[in-house]
Each structure stands twice: as C-alpha cells, then as structure tokens.
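# A closer look at the structure
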Amino acid sequence: MEPRFSDLQACIIDPEAPLVIVDVDEVLAQFMRGFGTFVGRFGYELRVDRFALFQNIYRPGETEHLDLIAGKVLFDDFFRDGADDLLPAEGAAHALADLASRAGVVILTNAPEHGRLARGQWLKTHGFDYPLVINSGPKGPSAAQLASRTAGRSVFIDDLLPQLESVAASAPDITRFQMISDERLRPLAPTAPERHVRIDDWAELRTAIEAQLFA
Ligand SMILES: [Mg+2]
C-alpha cells in the first residue's frame, strides 16, 4: 500500500531539526490492555499468550479462539468506539514533550481510516498533539519521506519488528528503537536488538533518543 500522501504533505517538518517518528499502539497507547477491556464489554476475554491480536479473543472457558472474522470485526470496532478504554503508555507524553522542545515529532500509525477521528481526538486528549500520519502497510516509505525533509537526524519507534525492518530497508540512516508497553507482550514479541535497540521504558528510551539526536 502507498503511504497516505496527503497526511505526509500536511506535516510541517523543520528542515534543520532532528525528527522523532513514533507509532501509537503499544508505544504511546496501551493497546492490548485497552482492546482487552473493550472485548470484555462484549463478554469475551483477551488472552495474551502469543503475539497476535484477534487470534487471542476467546469466549470464557473455551480453548478455541473466536473465529477470525468476528475477531476482526471487534478489532475494527475498537478503532472507532474504543478510545475510552485506551490508556496512554506510562511516561510517553512527558518524554515526547521533552523531546519536542528540541526535535520535530510526527505520529505514524497504521490505524484504519475509519478510526482517524477517534484516534486524533485520543492523541490530543492524552497530550500527544503532534502531526498525525495514517499509514497502511509497511512504514518504511513514509518514514523515509518524512526523514528526507530534514537535514537533522531521525529516529523511528515502533513495537513491531516488521515495521522496524521496513524502515531499516527504506531509510537505513533512521535509527530504530523497539518499544513494547505491555509487560505480557514483551517476552512474546519478535525482536532483533542488534539491528533495532530494544527499550521498553519511556524514561530510558528518551535518554537513548536524546543521545542519538542531540549528541
Ligand atoms: Mg504499534
């Protein structure tokens, strides 16, 4: 899929400043916790026993997960209706605000288009009032496009290894960091710390980003 050209163009990038390109789910937002609360409203439970999403939804007491189509419907509905269940990742707003005093910040999320309004509102409410790019598919091309607009250094933060690999392939000069806010997902998530530094704590991540951007 192509990056959303209009979102990318709408971002105002300081041509001199360093740039922080940051994901939302499991980075700024506690996605799994929020999604678990949301599906609980419909009588289901989310079991975090593998690194998957709608394959982890069960009827209480059952061992077979909910069929994938029903799971996908809940997943899609969550992006439209689940904002109240979604909590920010601890320390994220403070860390980003601090970085934003010296760097540009762009939020690059793969939320579905029907979640744009809710997602934008949620981000503002929780102190993440930065330009928002709704992406679809691999994030490398979008991240490369954003980073190309500044002479400063850029970093990219995401929970998903394929997205980190995509950015490494499209724009190897962007330093990648992997962050996973959910403690239950941390041991399950595919990771490659030799290529993309893995830091699951925002205070620590902020320090590492500062060292990368401002050294
Ligand atoms: Mg994510």
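Calculation notes
Residues numbered from 1 in each chain as written. Predicted model: local features only at pLDDT ≥ 70, side-chain atom pairs only at ≥ 80, totals over all residues. Heavy atoms only, no water. Helix = DSSP H or I, 4+ residues; strand = E, 2+ residues; numbered from the N terminus. Rg over C-alpha atoms; globule rule 2.2 N^0.38 Å. Buried < 20%, exposed > 50% of the residue type's maximum accessible area, 1.4 Å probe, protein only. Contact = heavy atoms within 4.5 Å. Axes fitted to C-alpha atoms, helices over the stretch in contact; angles between N-to-C directions. Parallel < 35°, antiparallel > 145°, perpendicular 65-115°, else oblique. Nonpolar A, V, L, I, M, F, W, Y, C, P; charged D, E, K, R; others polar. Phe/Tyr/Trp six-rings, centres within 6.5 Å; stacked < 30°, edge-to-face > 60°. Lys NZ or Arg CZ within 6 Å of the ring centre and 35° of its normal. 1 Å grid on protein atoms, 1.4 Å probe; cavity = no way out; pocket = protein on both sides within 12 Å on 5 of 7 lines; lining within 4 Å. Points joined across faces, edges and corners; volume = space filled by probe spheres on them. Domains from an automatic or database assignment. Donors = N, O, S within 2.8 Å, 3.2 Å for Na, K, Ca; no water. Pairing = 2+ DSSP bridges. Right-handed = clockwise from strand over helix to strand, strands pointing away.

## Points about the overall build of the protein chain
Per the secondary structure count, the protein chain includes eight helices and eight strands. Here the C-alpha radius of gyration of the protein chain, 17 Å, is about what a compact globule of 215 residues would show, namely 17 Å. Projected onto its principal axes, the C-alpha coordinates of the protein chain cover approximately 55 × 35 × 30 Å. Looking at the protein chain as a whole, 49% of its 215 residues are labelled buried. Considering only residue pairs separated by 6 or more positions, the protein chain has 67% of its internal contacts joining residues 24 or more positions apart.

## Here we look at the packing of helix α2 (residues 31–40) against helix α3 (residues 68–81)
Taken N-terminus to C-terminus, the directions of α2 and α3 make an angle of 105°; their axes are 10 Å apart at the nearest point. On the basis of the axis angle, α2 is roughly perpendicular to α3. Judged by residue contacts, Phe31, Gly34, Phe35, Phe38 and Val39 of α2 engage Leu74, Phe75, Asp77, Phe78, Phe79 and Asp81 from α3. A class-by-class count of the residues in the contact of α2 with α3 yields eight nonpolar, one polar and two charged.

## A word on the packing of aromatic side chains
The tally for this structure, following the rule as stated, stands at 12 aromatic pairs. Relative to phenylalanine 78, the ring of phenylalanine 38 lies with its centre 5.3 Å away and its plane at 55°, an arrangement referred to as tilted. Taken as a pair, phenylalanine 38 in helix α2 and phenylalanine 78 in helix α3 lie far apart in primary sequence, 40 residues in all. Given a relative accessible area of 4%, phenylalanine 38 falls into the buried group. Residue classification places phenylalanine 78 among the buried residues on the basis of a relative accessible area of 3%. An aromatic cluster is defined as three or more aromatic residues linked by ring pairs; in this entry it consists of Phe31, Phe35, Phe38, Phe42, Phe54, Phe75, Phe78 and Phe79. Over the ring of tyrosine 58 we find arginine 47, and its NZ or CZ is 3.9 Å from the ring centre.

## A few points about the layout of surface pockets
Taken as a whole, the largest pocket encloses approximately 510 Å³ of empty space. Every element with two or more residues in the lining of the largest pocket is listed here: α2 and α3. Residue composition of the lining of the largest pocket, grouped by class: 12 nonpolar, three polar and eight charged. Both domains that furnish three or more residues to the lining of the largest pocket are identified here as domain 1 (5–30 + 87–214) and domain 2 (32–85). In this model, the second largest pocket occupies a volume close to 270 Å³. Forming the walls of the second largest pocket are 14 residues, and the residues nearest its centre are Ala89, Glu90, Ser181, Arg186 and Asp200.

## Observations regarding the coordination of the magnesium ion
Around the magnesium ion, the donor atoms from the protein are Asp23 (OD), Asp25 (O) and Asp159 (OD), and they sit 2.0 to 2.3 Å away. Between the donor residues of the magnesium ion, the gaps in sequence give the motif D-x1-D-x133-D. The class for aspartate 23 is buried, based on a relative accessible area of 5%.

## Considering the pairing of strand β6 (residues 154–158)
Of all five residues in β6, five are buried; the element is thus mostly enclosed. Side-chain alternation along β6 places Ser154, Phe156 and Asp158 on one buried face and Val155 and Ile157 on a second face that is also buried. In terms of strand pairing, β6 meets strand β7 (residues 175–178) through four bridges, oriented parallel. Each residue of the ladder has a partner; that of isoleucine 157, found in β7, is phenylalanine 177. On the question of chirality, the crossover connecting β6 to the parallel β7 by way of helix α7 (residues 161–170) is right-handed.

## A word on the sheet that holds strand β5 (residues 132–134)
Strand order across the open sheet formed by six strands is β5-β4-β1-β6-β7-β8, with parallel pairing between neighbours. In this open sheet, the two strands that pair with only one neighbour each are β5 and β8 (197–198). By the bridge criterion, two bridges tie β7 to β8 in an arrangement that is parallel. Paired with phenylalanine 177 across the bridge in β8 is valine 197. Strands in contact with α7 are β6 and β7; relative to β7, the strand with the most contacts, it is inclined by about 175°.

None of this, on its own, says anything about what the molecule does.
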